[in-house]
Protein chains: 2
Amino acid sequence: MYIVLLSGGSGKRLWPLSNEVRSKQFLKILKKDDKTYESMVQRVYRQILTIDNQANILIATSKDQVPILKSQLGEKINLSIEPFRRDTFPSILLACLYLKDIKRVDIDETISVCPVDSYVDDDFFHKLNELDEKIKDSSYNIGLIGIKPTYPSEKYGYIINENKDKQFIISNTKTNKFIEKPNITMAKELIEQGALWNGGVFCFKLKYILEVAHKYIDFIDYSDLYNKYENIEKISFDYAVLEKEKSIGAVKYIGEWKDIGTWNTLTDVMVDKSIGDVVIDEKSNNTNVINELNIPIIAMGLNDVIVAASYDGIFVSDKKESSYNKLLVEKIDNRPMFEERLWGTFEVINIFNNSLVKHIYIKKGKNISYQKHSFRKEVWTIIEGTGIFLLDGIKSDVKVGDVLTINIGSKHSIYAISDLHFIEVQLGDKLLEDDIQHYDYIW
Amino acid sequence: MYIVLLSGGSGKRLWPLSNEVRSKQFLKILKKDDKTYESMVQRVYRQILTIDNQANILIATSKDQVPILKSQLGEKINLSIEPFRRDTFPSILLACLYLKDIKRVDIDETISVCPVDSYVDDDFFHKLNELDEKIKDSSYNIGLIGIKPTYPSEKYGYIINENKDKQFIISNTKTNKFIEKPNITMAKELIEQGALWNGGVFCFKLKYILEVAHKYIDFIDYSDLYNKYENIEKISFDYAVLEKEKSIGAVKYIGEWKDIGTWNTLTDVMVDKSIGDVVIDEKSNNTNVINELNIPIIAMGLNDVIVAASYDGIFVSDKKESSYNKLLVEKIDNRPMFEERLWGTFEVINIFNNSLVKHIYIKKGKNISYQKHSFRKEVWTIIEGTGIFLLDGIKSDVKVGDVLTINIGSKHSIYAISDLHFIEVQLGDKLLEDDIQHYDYIW
């Protein structure tokens, strides 16, 4: 079995913690042990490897998530990288072709596609093995994980059983075998009939998807699809496959299952009331504070409030209202103020007229690319660690207190001998992340 | 008449907007016109000069407030500077001796002592002229401004009239001529009897205070008191004078009067719901946001909440609870992260291990003192404006993009030819404001 993790698009629903470059699955808000936090993608990846440390995992993602995925999961992860975002069906197909053509996976192999933003018990991933058996013995063409509902939710999708209490086979007789967001009366009825929540997992044989795909997309192999990817239509897996397939089954999972996509569900899984430099008084109830800034937050006498602060901004909201933040967040047109890269992290700590100050951290043994800017000068002051600075082909050792001036047009890079921190002052009329030309250089 | 404005001590009650170096009277939160905000001290100073542009104003303050007072009111203000904080009576006495001995004010002159944190109509200061008349014709020894109560407040001090509806003379027959914070029943009774709120203004002849003072303090003149000030006992004007004096009168003021010392009263006088880069949604009620950071704040669905953010921290509180912040704020032991100085302002925009980043702004035509640090190196990058840099006696012109390195022990200063902004990176084991030695230098 190959597990394909779908690491989906960015969204501002959890602004200011999530932004254009940090999707919700990368937020390190899940308590792993006393001192460390992990992100959703780290948790899911760890859970799968806990069950089977030889598990074959491929992450289907887009180009811009590669650095943060490698940073959070290690550089050896397998990635299928969409050159453009084209919804779930093309993305899953590209991943499957990557497995077939690059990884030489047999077309009879089971593929399990899983979301990376479900907060579940380890047992959830045991269900993948059950599904694998079902797909192997051709019980059905597509296998799903159905979650036993704990209450008549109006927010989830339900999958309908053909024959109550027996092996879970999705109804083909009824028009609606999938019911999205029913009202509460209907939800109660559905649960009574044995319906399950749809866990967003799809299992199938590799050859199955290849056959289905030709109905929608004209392709020869992985590289052919990759090359024409820009012109592929956006199409969802649900539309292309699930709604049309007549042979669908599910295995039932009983246990915790949450979609960490809203402030409400996110704060539900927080072990402590707060993360970061925070004081919450005793009169506050059902209030959570997440502080990524290095100034303190004091919260007093608040009920059902979420406070979140990052270098992008500060969000203070009643929890019920927090899901309606889209319009307000869209009004804010700032550049992302922090990023996690393969080599480390940076935060924009302040922006002025024609200048900008960053704190840059490069992990020991890493370097930034050899690069050039056309519109800005940069001044770096090393504040921690040691490294090697490369300026227009000339190397020099650098240490705390050294000041490096990089004029417009100068090629430059830096390599961290030990964990390296520096303050960068950018100066120029156009201070944009994309004012950058990369050059090859082997450190 | 001489008006002595008492610019009192710091306090963290309005943290993070107020801190050790910025007392509440210096917060620029009062809307002056469409675009500008003024502080309490600026408002009071402006109101007094609006009524009489020849008014004699002396500000009694402590050493550490001198830079911000000059920055907000101009460099030509008259100051009586306490070398140490010693409560209101020594402070008022020192100011009076300053007037007598330094300014050569006649001892028959009226002195009106006013707080700087009362939010009042201009008419309040007209009342000072009425009081001046009363003191001149010796109607009483001490004159007060009594505010006509608008509701039976349990928070204020009341002054009791001897003879209802006639000239307001403070009762001598009753034991309590001043009643602090009565319960609501008593407050209603007091109002019924014609009592007024105590506006915190004291008027008297200069010679009066000199006579009274000798009962408590042994002094010859201004310089004598100044020199022994450290050893003077802390004693309040209320205790030393008001409670013992039998001849006290008041003039009645009818109009707005608020003490801007709590979040509740402060937000009461805010014309707009928010200051700074803030979005408040329509579902929020009675919610105010003050944002001094340059990242946006979004507030949603909040009721009766105050949000305040500065470089010192972020405060989010139910308005009723906000007055109990003292214990929580005291737990926070940060250095003040922003300061307003005579020459301009600075903010600490981030702190790391053994390094610290400041944004420093120097007003056109100003300079910082010629100074030296024993424990830190500094790197300055000019980001806006032009100036003259002085390093160990050698001057050089500086402009945007210039990088100035100041090693430990180097004497340095900078003069702003135009409004000058630079980023300072401090490096060292001890990064404290008081690691500074000043040297004389005439620019």
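Residues numbered from 1 in each chain as written. Chains lettered and ligands numbered in written order. Predicted model: local features only at pLDDT ≥ 70, side-chain atom pairs only at ≥ 80, totals over all residues. Heavy atoms only, no water.

J.: Quick question: what am I supposed to make of the overall build of chain A here?
T.: In terms of regular secondary structure, chain A is built from 10 helices and 31 strands. Its C-alpha radius of gyration of 24 Å places chain A within 12% of the 22 Å reference for a compact globule of 443 residues. For chain A, the spread of C-alpha atoms along the three principal axes comes to 70 × 60 × 40 Å. Within chain A, buried positions represent 56% of all 443 residues. (Helix = DSSP H or I, 4+ residues; strand = E, 2+ residues; numbered from the N terminus. Rg over C-alpha atoms; globule rule 2.2 N^0.38 Å. Buried < 20%, exposed > 50% of the residue type's maximum accessible area, 1.4 Å probe, protein only.)

J.: Whenever I open this one, the interface of chain B and chain A confuses me. Can you help?
T.: Put simply, an interface is often sized by how much accessible area is lost when its parts join up. Tallying the contact residues gives 55 residues for chain B and 55 residues for chain A. When chain B packs against chain A, close to 4,400 Å² is buried across both sides, 70% of that on carbon and sulfur atoms. Broken down residue by residue, the surface that chain B buries against chain A is led by Ile 298, Met 300 and Ile 314 of chain B, which jointly contribute 16%. Seen at the junction of chain B and chain A, the total is two salt bridges. In this structure, Glu 321 of chain A engages Lys 283 of chain B in a salt bridge whose closest nitrogen and oxygen atoms are separated by 3.4 Å. For the pair chain B and chain A, the number of links is 22 residue pairs in polar contact (both at pLDDT 80 or more). Residue composition of the side of chain B that touches chain A, grouped by class: 34 nonpolar, 14 polar and seven charged. Where strand 18 (residues 297-300) of chain A lies against strand 20 (residues 313-318) of chain B, four bridges are found, and the strand directions are parallel. Counted as the bridge partner of Ile 297 of chain A is Ile 314 of chain B from strand 20 of chain B. (Contact = heavy atoms within 4.5 Å. Buried area = accessible area lost by both parts, 1.4 Å probe. Salt bridge = Lys/Arg side-chain N within 4 Å of Asp/Glu carboxyl O. Polar contact = N/O pair within 3.5 Å; in protein donor to acceptor, adjacent residues only side chain to side chain. Nonpolar A, V, L, I, M, F, W, Y, C, P; charged D, E, K, R; others polar. Pairing = 2+ DSSP bridges.)

J.: So what exactly am I meant to see when it comes to the pattern of salt bridges here?
T.: Enumeration according to the criterion identifies 42 salt bridges over all chains in this entry. Here Asp 259 of chain A makes a salt bridge to Lys 24 of chain A, at a shortest N to O gap of 3.8 Å. With Asp 259 of chain A in strand 14 (residues 257-259) and Lys 24 of chain A in the loop between strand 1 (2-6) and strand 2 (30-31), this residue pair connects regions lying 235 residues apart in the sequence. The class of Asp 259 of chain A is partly exposed, set by a relative accessible area of 32%. Using a relative accessible area of 25% as the deciding quantity, one classes Lys 24 of chain A as partly exposed. One salt bridge in this structure joins Arg 22 of chain B and Glu 292 of chain B, with 2.9 Å as the shortest N-O distance. Residue Arg 22 of chain B is found in the loop between strand 1 (2-6) and strand 2 (30-31), and its partner Glu 292 of chain B is found in the loop between strand 17 (288-291) and strand 18 (297-300); the two are separated by 270 residues along the sequence. It is possible to trace a salt-bridge network through shared partners that takes in Arg 335, Glu 339, Arg 341, Lys 358 and Glu 433 of chain A.

J.: Any chance you could explain the sheet that holds strand 22 (residues 344-352) of chain A here in plain terms?
T.: Think of a sheet as strands paired side by side through backbone hydrogen bonds, with each pair either parallel or antiparallel. Residue and element names in this part refer to chain A. If you trace the six strands from one edge of the open sheet to the other, you get 21-22-23-30-25-28, paired in antiparallel fashion. Where the open sheet ends on each side, the last strands, each with one partner, are strand 21 (338-341) and strand 28 (403-406). Neighbour-to-neighbour, the strand axes of the sheet open up by a mean angle of 20 degrees, direction not taken into account. With eight bridges joining them, strand 22 and strand 23 (residues 355-362) adopt antiparallel strand pairing. Bridge pairing in strand 23 places Phe 346 opposite Ile 360. (Axes fitted to C-alpha atoms, helices over the stretch in contact; angles between N-to-C directions.)

J.: Honestly, the packing of aromatic side chains in this entry has me stumped. Any pointers?
T.: The description of an aromatic ring pair rests on the distance of the ring centres and on the angle between the ring planes. Scanning the model with the defined rule gives 40 aromatic pairs over all chains in all. Aromatic pair Tyr 156 of chain A and Trp 197 of chain A: ring centres 4.7 Å apart, planes at 70 degrees, arrangement edge-to-face. Taken together, the residues span a long stretch of sequence, with Tyr 156 of chain A in the loop between strand 8 (142-147) and strand 9 (157-159) and Trp 197 of chain A in strand 11 (residues 196-198) at a distance of 41 residues. Here Tyr 156 of chain A and Trp 197 of chain A have matching classes, each one buried. For the ring pair Tyr 98 of chain B and Tyr 222 of chain B, a centre distance of 5.5 Å and an interplane angle of 70 degrees mean the geometry is edge-to-face. Residue Tyr 98 of chain B is found in helix 3 (residues 88-102), and its partner Tyr 222 of chain B is found in helix 7 (residues 222-227); the two are separated by 124 residues along the sequence. Accessibility expressed as a relative area gives 12% for Tyr 222 of chain B, which makes it buried. Three or more aromatic residues joined by ring pairs form one cluster here, namely Phe 89, Phe 202, Phe 204, Tyr 208, Tyr 216 and Phe 237 of chain A. Positioned over the ring face of Tyr 324 of chain B is Lys 283 of chain A, at 5.6 Å from the centre of the ring. Its guanidinium or amino end placed over the ring of Phe 375 of chain A, Lys 430 of chain A lies 4.2 Å from that ring's centre, counting from NZ or CZ. (Phe/Tyr/Trp six-rings, centres within 6.5 Å; stacked < 30°, edge-to-face > 60°. Lys NZ or Arg CZ within 6 Å of the ring centre and 35° of its normal.)

J.: Can you walk me through the pairing of strand 19 (residues 305-310) of chain A in this structure?
T.: Residues and elements named next belong to chain A. Counted residue by residue, strand 19 has six buried out of six residues, so it is predominantly covered. Two strands pair when backbone bridges link them, and strand 17 (residues 288-291) and strand 19 are joined in this way by four bridges, in the parallel orientation. Bridge pairing links Asn 291 to Ala 309 in strand 19. Bridge count between strand 19 and strand 20 (residues 313-318): six bridges; the pairing is antiparallel.

J.: Looking at this model, I keep getting lost on the relation of the copies chain B and chain A. Mind explaining?
T.: In summary, the two copies of the chain are related to each other by a rotation about an axis coupled with a shift along it. For the match of chain B to chain A, the screw axis carries a shift of 0.0 Å, the RMSD comes to 0.1 Å, and the turn is 180 degrees. Expressed as a symmetry operation, the mapping of one chain copy onto the other fits a two-fold axis. Minimal C-alpha separation from the rotation axis in chain B is found for Ile 349 of chain B, amounting to 3.3 Å. (Least-squares fit on C-alpha atoms with pLDDT ≥ 70 in both.)

J.: Would you explain helix 6 (residues 206-213) of chain B in this entry?
T.: Helical geometry: 3.6 residues make up each α-helical turn, so side chains three or four residues apart lie on a common side. Within helix 6 of chain B, six of the eight residues are buried, which leaves it mostly tucked inside the rest of the structure. Turning to helix 6 of chain B, its buried residues number three or more, namely Leu 206, Tyr 208, Ile 209, Leu 210, Val 212 and Ala 213 of chain B.

J.: Help me out: how do you make sense of the state of the cysteines in this one?
T.: Disulfide: a covalent bond formed between the sulfur atoms of two cysteine residues. All names here are of chain A. Under the counting rule described, the total for this entry stands at zero disulfides over all chains. For the unlinked cysteine Cys 96, the closest cysteine sulfur is that of Cys 203, found at 11 Å. With relative accessibility at 0%, the residue Cys 96 sits in the buried group. (Disulfide = S-S within 2.5 Å.)

J.: How should I be thinking about the packing of helix 1 (residues 40-51) of chain A against helix 2 (residues 66-73) of chain A in this particular structure?
T.: The description of two helices packed together rests on the angle between their axes and the distance between the axes. Residues and elements named next belong to chain A. Between helix 1 and helix 2, the least distance of the axes is 10 Å, while the angle of their chain directions is 50 degrees. With respect to their mutual orientation, helix 1 and helix 2 come out oblique. Here the hand of the crossing between helix 1 and helix 2 comes out right-handed. Touching Val 41, Gln 42 and Tyr 45 of helix 1 are Leu 69, Gln 72 and Leu 73, all from helix 2. By residue class, the composition of the contact of helix 1 with helix 2 is four nonpolar, two polar and no charged. (Parallel < 35°, antiparallel > 145°, perpendicular 65-115°, else oblique. Left-handed = near helix turned anticlockwise from the far one by under 90°.)

J.: What's the story with the sheet that holds strand 20 of chain A in this structure? I'm lost.
T.: Here we have six strands laid out as an open sheet, ordered 15(A)-17(A)-19(A)-20(A)-18(B)-16(B), and mixed in their pairing. Both edges of this open sheet fall to strand 15 (274-275) of chain A together with strand 16 (278-280) of chain B, since each of them pairs with a single strand only.

J.: What is the right way to read the environment of Lys 430 of chain A from this model?
T.: Residues and elements named next belong to chain A. Take Lys 430: it is sitting in the loop between strand 30 (420-428) and strand 31 (437-439). The class for Lys 430 is partly exposed, based on a relative accessible area of 42%. Along the backbone, Lys 430 and Ser 355 are 75 residues apart, and their C-alpha atoms lie at a distance of 9.0 Å. If we ignore the near neighbours within four places in the chain, the residues touching Lys 430 are Phe 375, Arg 376 and Asp 435.

Without other data, these values stay purely geometric and don't point to any function.
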